[in-house]
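Below, each chain spelled out in residue letters.
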Amino acid sequence: HTEEWWRGYLATFGFSPEQQQSPMGMLSHGQRSRIVFAMLAMKDHTVLLLDEPTNHLDLEACVWLEEHLASYPKCLLLVSHSQDFLNAVCTHTLWLSGRLLRLYGGNYAKFVQTVEEEERLQLKVYEKQQADIDKLSDFVRVNKANG
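Rules and cut-offs
- For every chain, the first residue of the written sequence is number 1, and numbering continues from 1 along that sequence.
- For a predicted model such as this one, the threshold for reporting local features is a pLDDT of at least 70, and the threshold for listing and counting side-chain atom pairs is 80 or more; totals across whole chains, interfaces and linings nevertheless cover every residue.
- Based on all heavy atoms of the structure, the side-chain values leave hydrogens and waters out of the count.
- Each axis is a line fitted through C-alpha atoms, taken for helices only over the stretch in contact, and angles between the N-to-C directions span 0 to 180 degrees.
- Only runs of H or I of at least four residues qualify as helices and only runs of E of at least two qualify as strands under DSSP, and these elements are numbered from the N terminus.
- In these notes the angle categories are as follows: under 35 degrees is roughly parallel, over 145 is roughly antiparallel, 65 to 115 is roughly perpendicular, and the rest is oblique.
- Put simply, a crossing is left-handed when the front helix is turned counterclockwise from the back one by less than a right angle, and right-handed when it is turned clockwise.
- The contact criterion used throughout is that any non-hydrogen atoms of two residues lie within 4.5 Å.
- Within the patch definition used here, like charges are joined within 9 Å and nonpolar side chains (Val, Leu, Ile, Met, Phe, Trp, Tyr) within 5 Å, considering only residues with over 30% relative accessible area and no salt bridge.
- Areas reported here follow the Shrake-Rupley algorithm with a probe of radius 1.4 Å; residue values treat only the protein chains shown as occluding.
- Take a side-chain nitrogen of Lys or Arg and a carboxyl oxygen of Asp or Glu: if they are within 4 Å of each other, that pair is a salt bridge.
- Nitrogen and oxygen atoms within 3.5 Å of one another constitute a polar contact, given that in protein one can donate a hydrogen and the other can accept it, and given that sequence-neighbouring residues count only through two side-chain atoms.
- We call a residue buried when its accessible area falls under 20% of the maximum for its residue type, exposed when it is over 50%, and partly exposed in between, using a 1.4 Å probe and counting protein chains only.
- Planes of paired rings set the category: under 30 degrees apart is stacked, over 60 is edge-to-face and the rest tilted, where pairs are Phe, Tyr or Trp rings (Trp by its six-membered ring) whose centres lie within 6.5 Å.
- Here, over-ring charges are defined by two tests on the NZ atom of lysine or the CZ atom of arginine: distance to the ring centre within 6 Å, and angle to the ring normal within 35 degrees.

Topic: the packing of helix α3 (residues 29–42) against helix α4 (residues 59–70)
Thinking step 1. Interhelical geometry of α3 versus α4 gives an angle of 20° and a closest axis separation of 9 Å. It follows from the interaxial angle that α3 and α4 lie roughly parallel. By crossing handedness, the relation of α3 to α4 is classed as left-handed. In contact with Gly 30, Arg 34 and Phe 37 of α3, α4 contributes Glu 60, Ala 61, Trp 64, Leu 65, His 68 and Leu 69.

Observations regarding a nonpolar patch on the surface
Thinking step 1. A cluster of nonpolar side chains, Val 47, Leu 49, Leu 77, Leu 94, Leu 96, Leu 101 and Leu 103, forms an exposed patch at the surface whose accessible area comes to about 720 Å².
Thinking step 2. Taken together, the elements giving at least two residues each to the nonpolar patch come down to β1 (47–51), β3 (92–97) and β4 (100–105).
Thinking step 3. By the secondary structure assignment, Leu 49 is in strand β1.

A closer look at the environment of Gln 19
Thinking step 1. With respect to the element layout, Gln 19 can be found in helix α2 (residues 17–21).
Thinking step 2. Here Gln 19 is in contact with Gly 14, Leu 27 and Gln 31, once residues within four sequence places are set aside.
Thinking step 3. Polar contacts involving the side chain of Gln 19 include one to the main-chain amide nitrogen of Ser 16, which spans 2.9 Å.

Focus on the pattern of salt bridges
Thinking step 1. Per the counting criterion, the structure on display carries 6 salt bridges.
Thinking step 2. Between Arg 7 and Glu 3 there is a salt bridge whose closest N-O contact spans 2.6 Å. Note that Arg 7 and Glu 3 are positioned in helix α1 (residues 3–12) at a spacing of 4 residues, about one turn of the helix.
Thinking step 3. Judged by relative accessible area, Glu 3 falls into the exposed class, the value being 54%.
Thinking step 4. Put simply, Glu 117 and Arg 120 hold a salt bridge, and the shortest N to O gap is 2.9 Å. Residue Glu 117 and its partner Arg 120 are both found in helix α6 (residues 108–146); the two are separated by 3 residues, about one turn of the helix.
Thinking step 5. According to the relative accessible area criterion, Glu 117 is partly exposed, its value standing at 44%.

Observations regarding the packing of aromatic side chains
Thinking step 1. Applying the stated rule across the entire model yields 11 aromatic pairs.
Thinking step 2. Summarising the aromatic geometry, the rings of Trp 5 and Trp 6 are spaced 4.9 Å apart at their centres and angled 85° between planes, so their arrangement reads as edge-to-face.
Thinking step 3. In this structure Trp 5 comes out as partly exposed when scored by relative accessible area, which is 34%.
Thinking step 4. Residue Trp 6 is classed as partly exposed on the basis of its relative accessible area, which comes to 34%.
Thinking step 5. By way of ring pairs, the aromatic residues Trp 5, Trp 6, Tyr 9, Phe 13, Phe 37 and Trp 64 are connected into one cluster.
Thinking step 6. Above the ring of Phe 15, the side-chain terminus of Arg 34 is found at 5.0 Å from the ring centroid.
Thinking step 7. A cation over an aromatic ring shows up here: Arg 34 above the ring of Trp 64, its NZ or CZ 5.7 Å from the ring centre.

The structure is reproduced here in structure tokens:
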């Protein structure tokens, strides 16, 4: 690739011409992370795995990363403590719980809402089962006494 192509490529990752001339040591952690992401994006990856990608990023870099990952055209698996970041970037959530892996559609907030609804439903089923057990126990106790 030509130098002009590289400058254009780096510009798509938010680097001004001045920043492109700066030594790596002069760039912020967020800018260095964007360079790493630019290098990763050049490869023909099927899956991009990111573990806490917003750690050590300044606000500008977090916003930039969020915008770029929200439109990432391939499979992205990420772990993050930032619910806002997950809501902006994710279209599905994989949840590993009780040795089961489940896929939920929607962003993180939708995932939380769905899981809470499932838990409420499970509690209602459990309470109904307990009531049924109590009724059967009473029935057996009464009939055993009568008979």
